[in-house]
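Report on the structure
What follows is the residue order along each chain.
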Amino acid sequence: AYREDYGGEISSKRWLRQFDGSGKMDELKYGADIKGISGATISAQSMTNAVNELLNNISKLPTEL
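Note that the coordinates shown come from a computational prediction; the quantities given were computed from them, not determined experimentally. (Residues numbered from 1 in each chain as written. Predicted model: local features only at pLDDT ≥ 70, side-chain atom pairs only at ≥ 80, totals over all residues. Heavy atoms only, no water.)

1. Concerning a positive patch on the surface
The line we're drawing: A patch consists of residues exposed above 30% relative accessible area that lack any salt bridge, with like charges linked at up to 9 Å and nonpolar side chains (Val, Leu, Ile, Met, Phe, Trp, Tyr) linked at up to 5 Å. Here the accessible surface of atoms and residues is derived via Shrake-Rupley with a 1.4 Å probe, and residues count as covered only by protein chains that are part of the display. Between Lys or Arg on one side and Asp or Glu on the other, a salt bridge is scored when a side-chain nitrogen of the former is within 4 Å of a carboxyl oxygen of the latter. His is not counted, nor are the chain ends; Lys and Arg add positive charge and Asp and Glu add negative charge. Throughout, a charge is located at the NZ atom of Lys, the CZ atom of Arg, the CG atom of Asp or the CD atom of Glu. Burial status follows relative accessibility: with a 1.4 Å probe on protein chains alone, a residue under 20% of its type maximum counts as buried, one over 50% as exposed, and anything between as partly exposed.
Together, Lys13, Arg14, Arg17 and Lys35 give the surface a local cluster of positive charge. Residue class for Lys13 comes out exposed when judged on its relative accessible area of 69%.

2. A short note on the nonpolar core
Our working rule: To define a nonpolar core, start from buried Ala, Val, Leu, Ile, Met, Phe, Trp, Tyr and Cys residues and group those joined through side-chain atoms within 4.5 Å. In this text, helices come from DSSP runs of H or I with a minimum length of four residues, and strands from runs of E with a minimum of two, each type numbered from the N-terminal end. Whether two residues are in contact is decided by their heavy atoms, any of which lying within 4.5 Å being enough.
Core analysis: the biggest nonpolar cluster contains 10 residues, these being Ile10, Trp15, Phe19, Leu28, Ile34, Ile37, Ala40, Ala44, Val51 and Leu55. Top element by residues in this core is helix α2 (residues 41-59). It accounts for 3 residues. Among all residues touching Leu28, those that are not within four sequence positions of it are Phe19, Ser22, Asp33, Ile34, Thr48, Val51 and Asn52.

3. Section: the side chain of Asn52
By the element assignment, Asn52 lies in helix α2. Excluding residues within four positions of it along the chain, Asn52 makes contact with Asp26, Glu27 and Leu28.

Dropping the structure here:
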């Protein structure tokens, strides 16, 4: 749930589809790979950074358990 007054567009399925297909070796760039949202620059940048951090952490997981 997004509880801020501004930037709620980052929860829209249309905007989030930009992250579909990203793999653990990808590093997404705000403004190049990920389109910004007018009035929600900080939210969109923060979401891009969070996804990059998640992808980085996934890349560190062992491939076999």
